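Here is what each chain is made of, one letter per residue.
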2 protein chains.
Amino acid sequence: MEGISNEASSLAAHWGLEKLIAFYDDNHISIDGDTEIAFTESVDTRFEGLGWHVIWVKNGNTGYDEIRAAIQEAKAVKDKPTLIKVTTTIGYGSPNKANSYSVHGSALGAKEVDATRKNLAWPYEPFHVPEDVKKHWSRHVPKGSALEAEYNAKFAAYEKKYKEEAAELKSIITGELPAGWEKALPTYTPESPADATRNLSQQSLNALAKVLPGFLGGSADIASSNMTLLKMFGDFQKGTPEERNLRFGVREHGMGAICNGIALHSPGLIPYNATFFVFTDYMRAAIGISALGEAGVIYVVTHDSIGLGENGPTHQPIEHLASFRAMPNVLMLCLADGNETAGAYKVAVSNRKRPSILALSRQKLLHLAGTSVEGVEKGGYIVSDNSSGNKPDVILVGTGSELEIAYKAGEELRKEGKAVRVVSFISWELFDEQSDAYKESVLPAAVTARVSIEAGSTFGWEKIVGSKGKAIGIDRFGASAPAGRIYMEFGLTVEAVIAAAKEVS
Amino acid sequence: MEGISNEASSLAAHWGLEKLIAFYDDNHISIDGDTEIAFTESVDTRFEGLGWHVIWVKNGNTGYDEIRAAIQEAKAVKDKPTLIKVTTTIGYGSPNKANSYSVHGSALGAKEVDATRKNLAWPYEPFHVPEDVKKHWSRHVPKGSALEAEYNAKFAAYEKKYKEEAAELKSIITGELPAGWEKALPTYTPESPADATRNLSQQSLNALAKVLPGFLGGSADIASSNMTLLKMFGDFQKGTPEERNLRFGVREHGMGAICNGIALHSPGLIPYNATFFVFTDYMRAAIGISALGEAGVIYVVTHDSIGLGENGPTHQPIEHLASFRAMPNVLMLCLADGNETAGAYKVAVSNRKRPSILALSRQKLLHLAGTSVEGVEKGGYIVSDNSSGNKPDVILVGTGSELEIAYKAGEELRKEGKAVRVVSFISWELFDEQSDAYKESVLPAAVTARVSIEAGSTFGWEKIVGSKGKAIGIDRFGASAPAGRIYMEFGLTVEAVIAAAKEVS
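Bear in mind that the values here come from a model prediction, so they are computed numbers and not experimental data. (Residues numbered from 1 in each chain as written. Chains lettered and ligands numbered in written order. Predicted model: local features only at pLDDT ≥ 70, side-chain atom pairs only at ≥ 80, totals over all residues. Heavy atoms only, no water.)

## Overview of the domain arrangement of chain A
Much of the literature gives interface size as the accessible area that the parts lose upon coming together.
Residues and elements named next belong to chain A.
Consideration 1: You can read the domains of chain A as domain 1 (2–140), domain 2 (181–365) and domain 3 (379–504).
Consideration 2: The C-alpha-based centres of domain 1 and domain 2 are spaced at 37 Å.
Consideration 3: Listed per partner, the contact involves nine residues of domain 1 and 12 residues of domain 2.
Consideration 4: In this assembly, domain 1 packs against domain 2 so that about 1000 Å² is buried in total across both faces, 64% of it on carbon and sulfur atoms.
Consideration 5: Linking domain 1 with domain 2 are zero salt bridges.
Consideration 6: The residue inventory of the side of domain 1 that touches domain 2, partitioned by class, reads four nonpolar, three polar and two charged. (Domains from an automatic or database assignment. Contact = heavy atoms within 4.5 Å. Buried area = accessible area lost by both parts, 1.4 Å probe. Salt bridge = Lys/Arg side-chain N within 4 Å of Asp/Glu carboxyl O. Nonpolar A, V, L, I, M, F, W, Y, C, P; charged D, E, K, R; others polar.)

## Remarks on the interface of chain A and chain B
Consideration 1: With 64 residues of chain A at the contact, the number on the chain B side is 64 residues.
Consideration 2: A buried area of about 5400 Å², summed over both sides, lies between chain A and chain B, and 61% of it is on carbon and sulfur atoms.
Consideration 3: Among the residues chain A hides against chain B, the three largest losses belong to Asp32, Phe459 and Phe477 of chain A. Together they make up 13% of the total.
Consideration 4: Summed over the shared surface of chain A and chain B, the number is four salt bridges.
Consideration 5: Measuring nitrogen to oxygen at the nearest pair gives 3.5 Å for the salt bridge that ties Asp32 of chain A to Arg247 of chain B.
Consideration 6: Contributions of two or more residues to the side of chain A that touches chain B are made by α1 (3–14), α2 (43–50), α10 (223–226), α11 (252–265), α12 (284–292), α13 (320–325) and α19 (462–465) of chain A.
Consideration 7: Among the elements that make up the side of chain A that touches chain B, the one with the highest residue count is α1 of chain A (six residues).
Consideration 8: The residue makeup of the side of chain A that touches chain B, split by class, is 24 nonpolar, 20 polar and 20 charged. (Helix = DSSP H or I, 4+ residues; strand = E, 2+ residues; numbered from the N terminus.)

## So, the pattern of salt bridges
Side-chain pairs of opposite charge can arise whenever the charged atoms involved come near each other.
Residue and element names in this part refer to chain B.
Consideration 1: For the structure shown, the criterion picks out 34 salt bridges over all chains.
Consideration 2: A salt bridge links Lys85 to Asp44; the shortest N-O distance between them is 2.9 Å. Of this pair, Lys85 sits in strand β5 (residues 82–87) while Asp44 sits in helix α2 (residues 43–50), and the two are 41 residues apart along the sequence. Of the two residues examined, Lys85 and Asp44, each falls in the buried class. (Buried < 20%, exposed > 50% of the residue type's maximum accessible area, 1.4 Å probe, protein only.)

## Considerations on the relation of the copies chain A and chain B
There are two copies of the chain, and a rotation about an axis plus a shift along that axis relates them.
Consideration 1: Least-squares fitting of chain A to chain B yields an RMSD of 0.1 Å, with the superposition described by an axial translation of 0.0 Å and a rotation of 180°. Put plainly, the chains are arranged around a two-fold axis.
Consideration 2: An overlap of 100% is found between the interface residues of chain A and their copies at the interface of chain B, pointing to a shared contact surface. (Least-squares fit on C-alpha atoms with pLDDT ≥ 70 in both.)

## Side note on a nonpolar patch on the surface
Consideration 1: A contiguous nonpolar surface patch, about 680 Å² in accessible area, is contributed by Tyr92, Leu120, Trp122, Tyr124, Val129, Val133 and Trp137 of chain A.
Consideration 2: Summarising the element assignment, Val133 of chain A is placed in helix α6 (residues 131–138). (Patch = residues over 30% accessible without salt bridge, like charges linked within 9 Å, V, L, I, M, F, W, Y side chains within 5 Å. Areas by Shrake-Rupley, 256 points an atom, 1.4 Å probe, with all protein chains shown as cover.)

## Considering the pairing of strand β16 (residues 420–425) of chain A
Residue and element names in this part refer to chain A.
Consideration 1: With six of six residues buried, β16 lies mostly within the body of the structure.
Consideration 2: On β16, burial covers both faces: Val420, Val422 and Ser424 on one face and Arg421, Val423 and Phe425 on the other are all buried.
Consideration 3: In this sheet, β16 lies alongside strand β14 (residues 380–385) in antiparallel orientation, the contact comprising five bridges. Note on β16: the bridge partner recorded for Asp385 is Arg421.
Consideration 4: Running through helix α16 (residues 403–415), the crossover from strand β15 (residues 394–398) to the neighbouring parallel element β16 is right-handed. (Pairing = 2+ DSSP bridges. Right-handed = clockwise from strand over helix to strand, strands pointing away.)

## Brief notes about the sheet that holds strand β4 (residues 53–57) of chain B
Residue and element names in this part refer to chain B.
Consideration 1: Here three strands make up an open sheet; going across it, the order is β1-β5-β4 and the pairing parallel. Two strands in the sheet have a free side with no partner beyond their single neighbour: β1 (21–26) and β4. Averaged over neighbouring strand pairs, the angle between their axes works out to 20° when direction is ignored.
Consideration 2: Across five bridges, β4 lies against β5 in parallel orientation. For Val54, the partnering residue across the bridge sits in β5 and is Leu83.
Consideration 3: Docked against the sheet, helix α3 (residues 64–76) engages β1, β4 and β5, running at close to 175° with respect to β4. (Axes fitted to C-alpha atoms, helices over the stretch in contact; angles between N-to-C directions.)

## A few points about the packing of helix α7 (residues 140–161) of chain A against helix α8 (residues 163–174) of chain A
All names here are of chain A.
Consideration 1: One can describe the packing of α7 onto α8 by two numbers: an axis separation of 5 Å at closest approach and a directional angle of 125°. When the axes of α7 and α8 are compared, the pair comes out oblique. Contact residues: α7 offers Phe155, Tyr158, Glu159 and Lys161, while α8 offers Lys163, Glu165, Ala166, Leu169 and Lys170.
Consideration 2: Across the contact of α7 with α8, the residue classes tally to four nonpolar, no polar and five charged. (Parallel < 35°, antiparallel > 145°, perpendicular 65-115°, else oblique.)

## Some words on the packing of aromatic side chains
All names here are of chain A.
Consideration 1: Counted under the stated rule, the structure contains 35 aromatic pairs over all chains.
Consideration 2: Aromatic pair Phe425 and Trp461: ring centres 6.2 Å apart, planes at 50°, arrangement tilted. In this pair, Phe425 is assigned in strand β16 and Trp461 in the loop between β17 (450–453) and α19, connecting sequence segments 36 residues apart. The exposure classification of Phe425 matches that of Trp461, with both residues buried. (Phe/Tyr/Trp six-rings, centres within 6.5 Å; stacked < 30°, edge-to-face > 60°.)

See the structure below:
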């Protein structure tokens, strides 16, 4: 019933995943009762439409030969996945609860378990495995050992003949990254041409794909907007599984789930995916699974604020930064320029046990003096400062595209004789992990004059700016206008930061 | 491609929505190029599997008679919706851009517009409507007037014959609620038996359905866990459209979108839907549309924290409260007992231009002295207090199931001679809308000794407890254990609140 299963099943057929065999337990019962109350489609026909081979096992309760034959048939099918629809009775064997929804959500209970054992003529104690069953299953042990030995011999021969390729495969299996991989990341200076961080992101993606054999990914049908194509590779398709550009179609939820699968398959597979930041709403459940399941998926989210402009409020994320900062085990990273974007990829690739979300702009941004990869790794750091003794008159905190605004406001305020520190606040999670001494060196407790600016909800910013500071942000939905105009209308300006700084200091 | 369209289409066929005609623009182009790169299923077969009538118009560019015939055929189909697949050329008529993805994402440009006009032999200025076209379309004006007059006469006759029914229909069309509807809501006293707020919610739902003719809703296949069945009504199904229990199946995203449609159809239709709080991740995009589109959908979310117990971290919401507090135009309501639950329904039904999310417990909770409907309407209010002059020694803030913990901690601390105020913090959005004087009367600025307790992420709580206060919560994923045990393990206890209160005051 869930839409994600249709998204993933459509792609599975498109990609011709012939090894995929899905068993559909056609037991006609859902938690609220018979599936008839909400689900009367023909699943067989739908999957045939999706391009699957479909087999129906009519007696899933005791039709062992039928099940075996279905699996054999499925294995023989080439070029497409197979759905084996198995009609069963839920709670089969339970005299009073079989074929009822009460079997789904709660335990049978001791009395009904007894009745079921009697009904199925199963005389043994709980957890007892009878000798003949054990013997029957144990025949798989020597069979498995033989298969493993065969594989090992094959791999040894392969390794001898193809040393480099075998080493690459091993590195994907073990997850050991090539030494110095991070040196491939590009670096920038303030003289580098202003650019959108989505474009700078593509430079990092392409640099990483050259040095990381398991690095692959794609977009939900907006690769040309997300700037996520790997230029030296073609499309991963049915006939070209060696390529690394995945074309997910407009299927964000499926995309996130597929990347979780890739990341958890082998530690050296490092998948990224991409969409507009606001569309992470469609795959929020998959991102939650990345976080809970410790899958180091890289989420490339462009068009990261009202700065995307004319597409308007349906496309402009507001609460998304806050919503991911609140989610455990997620690295939510806001990047301001080239060096920060490269730094974010270093962090993302290094973190194989937690997902990273890289928020990137559609609009052009300056490369700022003082930004650095090392800064990104600390979560928050000083970008510019003319104070001494860790006692600035005011601290200006910016993130992503708004760091540039804080930076310029700092320059203006210094002209007026103020001691101003400008802090880039990339990732709350990473900053929280730093030592108290480091945190105090960036945000000294004694300095309560603080102003933050971020083109998103101010929810949560009290933690950084305190009750005496001021958070500039957007606590309403956006509007359609060019980026420059909308920033002005919403008060996200150098002038606003200067005014706030004077108010709080 | 999006999963939600499959969810909604499956339900549309199940419900036999014969008036629904969907046009599928089969132009073979998506933003990233030809749909062949990601989408090779048979849409026709899939929709036949879902139970739709499918028609294929092969020439959607100029086959006017074919299109007319398809619409006639679709209108004649009874018992099922119709999909008209219309094969077209995207950018038809543009000599250089037709049939290419460049037509999708950007404007043709002046030069190509000129070329297209020439190619289509359209000699007129922009926005000019030629006289013969105007005349041809104008024939619909008298036809429409006649149809409207016919409808009005029919309704007048109906109103004469069925006064009560006509008034009910009118109230659904206008959105005017029956006077005193809120008096139907149940009230509770501290002597009422302890109960889960999901059960108390069902009492309010059933009370409202009796007095509000447009009140209807259902769950995503967990009605018996959400406690959302309306007992005096049957199931809304193909043959029983007069009933009010909707069976959405396991289709949260479709459920949210369908409720948006119902709410926006007529102001007097008040839809609710239900799932576990953590599963709002699946329909977050629909909730965002409720907020942005000003649809007053009521989201009933039960199993609102680790308090749900044994199902474990996959089912335990952590960051969800914070994530919705950050979303504009959403009333995120945490309810502690019967009176607060009834109050939440008063707020939810009254707010027809913004969605409400009611977080409800699986576990039993006490009815507390001091909770009230009026309190809920203010967002935050004092539940118990032994201080004077608005100068408590400490303020304890609780939400939902944790209000009981704060309440008991307050009682203990008072035994030790402390002046303690206990505040229930239902809705940050509603509290923000109160006057400064009211806010000061609940949370006086001078009292910085504050402790909050909530079984969720502490993200954002600095706003309430300040830098000198303490927020007790959960900043990691949950675990599987009975509610009492897990609260203890995670430090959400009366003892922890007392210790924190002593630390901050």
